[in-house]
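Residues per chain are reported as follows:
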Amino acid sequence: MKEPKLKTVYVCSNCGETSPRWMGRCPSCGSWNTMNEDVVAEAPKAGLSGGKAAAPVRQEGVTSLTARRLADISTTEEKSRILTGISELDRVLGGGIVLGGVVLLSGEPGVGKSTMLLQLCGAISNQHTVLYITGEESVRQVKLRAARLKVPQDNIYLAAENDVDEICGLIEKEKPELVVIDSIQTMRCMDISSSSGTVSQVKESAARLLAVAKKQEIPMFIVGHVNKDGAIAGPKVMEHIVDTVLYFEGDKMLPYRILRAAKNRYGSTNELGMFDMTGQGLEEIENPSQMLLEGRPLGVSGNCVACTMEGSRPILSEIQALATKTNFPAPRRACSGYDYNRMNLLIAVLEKRAGYFFGNLDVYINIVSGITLRDTACDLAVCLSMVSSLLDCPVSDKLIAIGEVGLGGEIRSVPNLEQRLREAERIGFERAVVPKHSLAHLNAADYPGMKLVGAAYISDAIHALKSDRL
């Protein structure tokens, strides 16, 4: 059989558009610098020997498909979801693994993606059969990790394979109740001549695995690599066709890992799962507020505690600020775990509305334990920590500040204030600075161990700090 001719094309990593020549901007989606070189087999010309026959003409009313009545499809939780037993993972997934759902799990190298999935396989293998496909390791390497993690191994089946068609055939033959693909960048469709990891291979491999998962109603976890910018490597269409996209985050120098959902068709994308990486694998952190506040310094200026909502869970975090005289013509501003532009906005509000000037000071904001705060309810705590560092006046160790700061210097109300206060009271805080007009909607009797302090403007909260009422 004659070898197919190869040709070079350029494929957009964002939308999959192909072009015979390189262009700086994709003609389809308009993205810049997304055209990547790929090698594919040249299609045979019509009329030549070896070319494929023309597709048959479709006959009207002839099909092999069958439709099911919507009322006959079961939606009960015990039939449509699989509980993993890992509560943090179930929380992020929206209540368990949905039958037929395809989950894309991505993260930095070494963050613990394979470890989490192997622990997941062990957690559900008592009641369900699991097929683990590895394209990066041998079965012996996976066996060694499973022995280290002490996961049950009776109902877990391993296969080291890169051919997608062979994997799909194995899934259809064995019909497992969960499939893990590690990873999609190592998979390859043999009828496509390009190498593994290219745009065409990743897109086609994901599409074929998705078709099998949906047809057989088998849930599937797919591991995806990330590029140097932190985005999932490969075409963006892969994130569109899967049901759930999870990001596994964490500094490899720290033991804490955070699981977030960027997309979830069966649950909220606001939930967050926290894990601790140990020598025996990942362990759930059921009380993240207590963990994040451990070892915080007491009686030190520039520290204040805030409460952020991650889905339905309130989490307390320590905010550290440092304002010091600059040695440069332009003062430095730096953030770790907080939005840089938001910090500059709050500094401008403090200078304009409260009269505290940072023009000749370097300002640094740090969120302890590596967590990232995106909730505007942390504005008041950030402002108090910066002023506390400027005045060298410590904020009380038993105080928490909750409120959004507007451009007029006003402290605005935040959602889920009752849940935040209950969490702070449970941890042991005795005073809380909250928006003044929110006090009318709160019952002080619900928080017997906590004193609520209302502040209408940022200047009111700072005045209370200076007069040692906080």
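Parameters and conventions
Residues numbered from 1 in each chain as written. Predicted model: local features only at pLDDT ≥ 70, side-chain atom pairs only at ≥ 80, totals over all residues. Heavy atoms only, no water. Axes fitted to C-alpha atoms, helices over the stretch in contact; angles between N-to-C directions. Helix = DSSP H or I, 4+ residues; strand = E, 2+ residues; numbered from the N terminus. Parallel < 35°, antiparallel > 145°, perpendicular 65-115°, else oblique. Left-handed = near helix turned anticlockwise from the far one by under 90°. Contact = heavy atoms within 4.5 Å. Nonpolar A, V, L, I, M, F, W, Y, C, P; charged D, E, K, R; others polar. Domains from an automatic or database assignment. Salt bridge = Lys/Arg side-chain N within 4 Å of Asp/Glu carboxyl O. Polar contact = N/O pair within 3.5 Å; in protein donor to acceptor, adjacent residues only side chain to side chain. Core = buried A, V, L, I, M, F, W, Y, C linked by side-chain atoms within 4.5 Å. Buried < 20%, exposed > 50% of the residue type's maximum accessible area, 1.4 Å probe, protein only. Phe/Tyr/Trp six-rings, centres within 6.5 Å; stacked < 30°, edge-to-face > 60°. Pairing = 2+ DSSP bridges.

Here we look at the packing of helix α3 (residues 113-124) against helix α4 (residues 139-149)
Phase 1: Contact pair α3 / α4: the axes reach a minimum separation of 10 Å and the direction vectors enclose 70°. Considering their axes alone, α3 and α4 lie roughly perpendicular with respect to each other. In terms of crossing hand, the pair formed by α3 and α4 is right-handed. Of α4, the residues touching α3 (which contributes Ser114, Thr115, Leu118 and Gln119) are Val142, Arg145, Ala146 and Leu149.
Phase 2: Looking at the contact of α3 with α4 residue by residue, the classes come out as four nonpolar, three polar and one charged.

A word on the domain arrangement of the protein
Phase 1: Along its sequence, the protein is carved into domain 1 (6-41), domain 2 (79-286) and domain 3 (291-468).
Phase 2: The C-alpha centroid of domain 3 is placed 38 Å from the C-alpha centroid of domain 2.
Phase 3: Each side of the interface is counted separately: domain 2 has 11 residues, and domain 3 has 11 residues.
Phase 4: Here domain 2 and domain 3 share two salt bridges between them.
Phase 5: Two residues, Glu88 and Arg313, come together in a salt bridge whose shortest N-O distance is 2.7 Å.
Phase 6: Here domain 2 and domain 3 share two residue pairs in polar contact (both at pLDDT 80 or more) between them.
Phase 7: Elements with a minimum of two residues in the side of domain 2 that touches domain 3: α2 (87-93), β12 (256-264) and β13 (272-278).
Phase 8: Looking at the side of domain 2 that touches domain 3 element by element, the count peaks at three residues for β12.
Phase 9: Considered class by class, the residues forming the side of domain 2 that touches domain 3 number six nonpolar, one polar and four charged.

A short note on the nonpolar core
Phase 1: Grouped together as the largest cluster of nonpolar side chains are 46 residues, with contacts concentrated most on Ile319, Phe358, Ile365, Leu380 and Met386.
Phase 2: When residues of this core are assigned to domains, at least three map to each of domain 2 (79-286) and domain 3 (291-468).
Phase 3: In this structure Ile319 touches Gly302, Asn303, Cys304, Ala306, Ile365, Asn366, Ile367, Leu373, Cys378, Ala381, Val382 and Ser385, once residues within four positions along its chain are discounted.
Phase 4: Among the nonpolar cores identified, the runner-up in size contains 32 residues, and Ile86, Leu117, Ile156 and Leu282 belong to it.

Brief notes about the packing of aromatic side chains
Phase 1: Per the stated rule, a full pass over the model turns up one aromatic pair.
Phase 2: Consider the rings of Phe248 and Phe275, whose centres lie 6.2 Å apart with planes at 75°: the pair is edge-to-face. Of the two residues, Phe248 is situated in strand β11 (residues 244-249) and Phe275 in strand β13; the sequence distance between them amounts to 27 residues.
Phase 3: A residue is classified by how much of its surface remains accessible, and Phe248, at 2% relative accessible area, is buried.

Observations regarding the side chain of Thr186
Phase 1: Along the polypeptide, Thr186 turns up in the loop between β9 (178-182) and α6 (199-216).
Phase 2: You can call Thr186 buried: its relative accessible area is 16%.
Phase 3: A polar contact of 2.7 Å, which involves the side chain of Thr186, links it to the backbone oxygen of Ser183.
Phase 4: Not counting the four nearest positions on each side in its chain, Thr186 is found in contact with Gly135, Glu136, Asn162 and Ser196.

Considerations on the sheet that holds strand β7 (residues 130-134)
Phase 1: On the basis of which strands lie adjacent, the open sheet formed by nine strands has the order β8-β7-β9-β10-β6-β11-β12-β13-β14 and mixed pairing. Only two strands of the sheet have a single partner each, and these edge strands are β8 (156-160) and β14 (281-284). In this sheet, adjacent strand axes meet at a mean angle of 25° when their direction is disregarded.
Phase 2: Here β13 runs beside β14; their pairing, made up of four bridges, is antiparallel. Across the sheet, the residue bridging to Asp276 is Glu283, located in β14.
Phase 3: Sheet strands in contact with helix α5 (residues 164-174) are β7, β8, β9 and β10 (220-224), and its direction is about 170° off that of β7.

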